[in-house]
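# What the coordinates show
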Amino acid sequence: MQERTALEGQLTGIGKIERELEDQIGMIELGESENDDGVVLEAENALNALKKDVARQELEALLSGEADKFNSYLEVHAGAGGTESQDWASMLLRMYTRWAEKRGFKVEYLEETQGEEAGIKSATVQISGHNAYGWLKTEAGVHRLVRISPYDSNARRHTSFSSVAIFPVVDNSIKIDIAESDVRVDTMRSGGAGGQHVNKTESAVRLTHIPTGVAVVCQAGRSQHKNKAQAWDMLRARLYEIELKKREEKAAADQAAKTDIGWGHQIRSYVLQPYQMVKDLRTGVQTSDTSGVLDGDLDDFMAATLAQKAFGTTPGAIEDVD
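The sections below set out a description of the structure shown in this document. It should be emphasised that the depicted structure is a prediction, and the values quoted were computed from it without experimental measurement. (Residues numbered from 1 in each chain as written. Predicted model: local features only at pLDDT ≥ 70, side-chain atom pairs only at ≥ 80, totals over all residues. Heavy atoms only, no water.)

### Observations regarding the overall build of the protein
Scanning the protein from terminus to terminus reveals seven helices and eleven strands. Partitioning the contacts of the protein with sequence separation of at least 6, the portion at a separation of at least 24 is 61%. (Helix = DSSP H or I, 4+ residues; strand = E, 2+ residues; numbered from the N terminus. Contact = heavy atoms within 4.5 Å.)

### Observations concerning the packing of aromatic side chains
Remark: the centre distance and the inter-plane angle together describe each pair of aromatic rings, the angle taken between the planes. As enumerated under the stated definition, the model contains three aromatic pairs in all. Seen from their ring centres, Tyr73 and Phe167 are 5.0 Å apart, and the 35° between their planes marks the pair as tilted. Highlighted residues: Tyr73 in strand 1 (residues 72-78) and Phe167 in strand 5 (residues 157-168), separated in sequence by 94 residues. One exposure class covers both Tyr73 and Phe167, and it is buried. Looking at Arg103, its charged tip hangs above the ring of Trp135, at a distance of 4.6 Å from the centre. (Phe/Tyr/Trp six-rings, centres within 6.5 Å; stacked < 30°, edge-to-face > 60°. Buried < 20%, exposed > 50% of the residue type's maximum accessible area, 1.4 Å probe, protein only. Lys NZ or Arg CZ within 6 Å of the ring centre and 35° of its normal.)

### Some words on the nonpolar core
If you look at the biggest cluster of nonpolar residues, it comprises 45 residues, and the most contacted ones within it are Leu74 and Tyr270. Residues contacting Leu74, with those up to four places away along its chain left out, are Tyr96, Ala123, Thr124, Val125, Ile127, Leu136, Val164, Ala165 and Ile166. (Core = buried A, V, L, I, M, F, W, Y, C linked by side-chain atoms within 4.5 Å.)

### Quick word on the sheet that holds strand 8 (residues 214-218)
Pairing is antiparallel in the open sheet, where three strands are placed in the order 6-7-8. The open sheet has two edge strands, strand 6 (183-188) and strand 8, and neither has a second partner. The average undirected angle you get between the axes of adjacent strands in this sheet is 15°. Here strand 6 pairs with strand 7 (residues 204-209) via six bridges, running antiparallel. Note that in strand 7 the partner of Val183 across the bridge is His209. (Pairing = 2+ DSSP bridges. Axes fitted to C-alpha atoms, helices over the stretch in contact; angles between N-to-C directions.)

### Description of the pattern of salt bridges
Per the counting criterion, the structure on display carries 16 salt bridges. Residue Glu84 pairs with Arg147 through a salt bridge whose shortest N-O separation is 2.7 Å. One end of the pair, Glu84, is in helix 3 (residues 83-102); the other, Arg147, is in strand 4 (residues 141-148), with 63 residues separating them in the sequence. In terms of burial, Glu84 and Arg147 fall into one category: buried. Between Lys102 and Asp295 there is a salt bridge; the shortest N-O distance is 3.8 Å. One end of the pair, Lys102, is in helix 3; the other, Asp295, is in the loop between helix 6 (290-294) and helix 7 (299-311), with 193 residues separating them in the sequence. What makes Lys102 partly exposed here is its relative accessible area of 42%. In this structure, a network of salt bridges that share partners links the residues Arg94, Arg98, Glu101, Lys102, Asp295 and Asp297. (Salt bridge = Lys/Arg side-chain N within 4 Å of Asp/Glu carboxyl O.)

### Quick notes on the sheet that holds strand 5
Across the sheet, eight strands lie side by side as 2-3-1-5-4-9-10-11; this open sheet has mixed pairing. Two strands close off the open sheet at either side, each with one partner strand: strand 2 (106-114) and strand 11 (286-287). Strand direction decides the pairing type here: strand 10 (residues 277-280) and strand 11, joined by two bridges, are antiparallel. What sits directly across from Lys279, in strand 11, is Gln286. Of the strands in this sheet, strand 1, strand 2, strand 3 (120-128), strand 4, strand 5 and strand 9 (266-271) are in contact with helix 3, which crosses strand 5 at around 45°.

### Considering helix 3
Taking 1.5 Å of rise per residue, the 20 residues of helix 3 would be expected to cover 28 Å, and the 29 Å separating its terminal C-alpha atoms lies within 8% of that figure. Counting buried residues along helix 3, 15 of its 20 residues qualify, which places the element largely inside the surrounding structure. Backbone geometry just after helix 3 places Gly104 at a positive phi near 80°. (Expected span 1.5 Å × (residues − 1).)

### Description of the pairing of strand 10
Pairing between strand 9 and strand 10: four bridges, direction antiparallel. The residue of strand 10 that forms the bridge with Tyr270 is Val278. Where strand 9 folds back on strand 10, the antiparallel hairpin that results is connected by five residues. In textbook terms, the turn of a hairpin is the stretch between consecutive antiparallel strands, and for strand 10 and strand 11 this stretch comprises five residues, one of which, Gly284, has a positive phi near 85°.

Dropping the structure here:
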């Protein structure tokens, strides 16, 4: 029944687009017959807007995975390299929070461990909004930064790595059974920045799922009880995400479509010196607008990855999406 309703809605949307297309073509023909450039220009602008709307709907149609509709957890972990990598991790965290804010999504900090001198060692946030997981799942992997280090007195170029993990916030309709005997519970003092993000009381909770080694930390709440409950939700979400990936990998005909996350599987390079370029190593999409990307302009990269996964290539219509 739900599939039929969805199909009917899709057909209704297609009919609306066809009518709009016919109307605007008619307006152009009318304007040309009457030598009215204003009418022609207005109709052409409407057609360009319609083209972008169709491209967006095409992308939304790709977000049909089992968990795509859910909110998302996002974890950032600094790689080896000390202060340089920790600063890069903080830049990535800002990039994703800016992306979320531009979409009107809600961002909630759950854990943040600061570096000794600058940046962060790790952080976990929850991003809530329409199809948050569906979009963000394209960002899981290792991100590489090349720049002249602001922490190097000799102004040498440095290469840094940080990893991003994405997993869905599961709702009550998803049943994930975890034996309490399989989970180790540790409590500790919160180690974040305080203020608007996290507090520094003896309330942080870490849960470790012994069979898989998966560990989650929550320190956002002011009570240990609240943090423990949130940590259990995060752990269930992580194990659910692992199961989703197993299904995807089993069904994938192409090895390249797998979503393995590891230090040898970097997905994107961000080069700030000697030239400026951000390039996705999976799709080949690139831009010289590094400041825009680091300020959250990620839609082109996400769209291309979704399209590649669905079609094996990047539709040209995506390039026209703002």
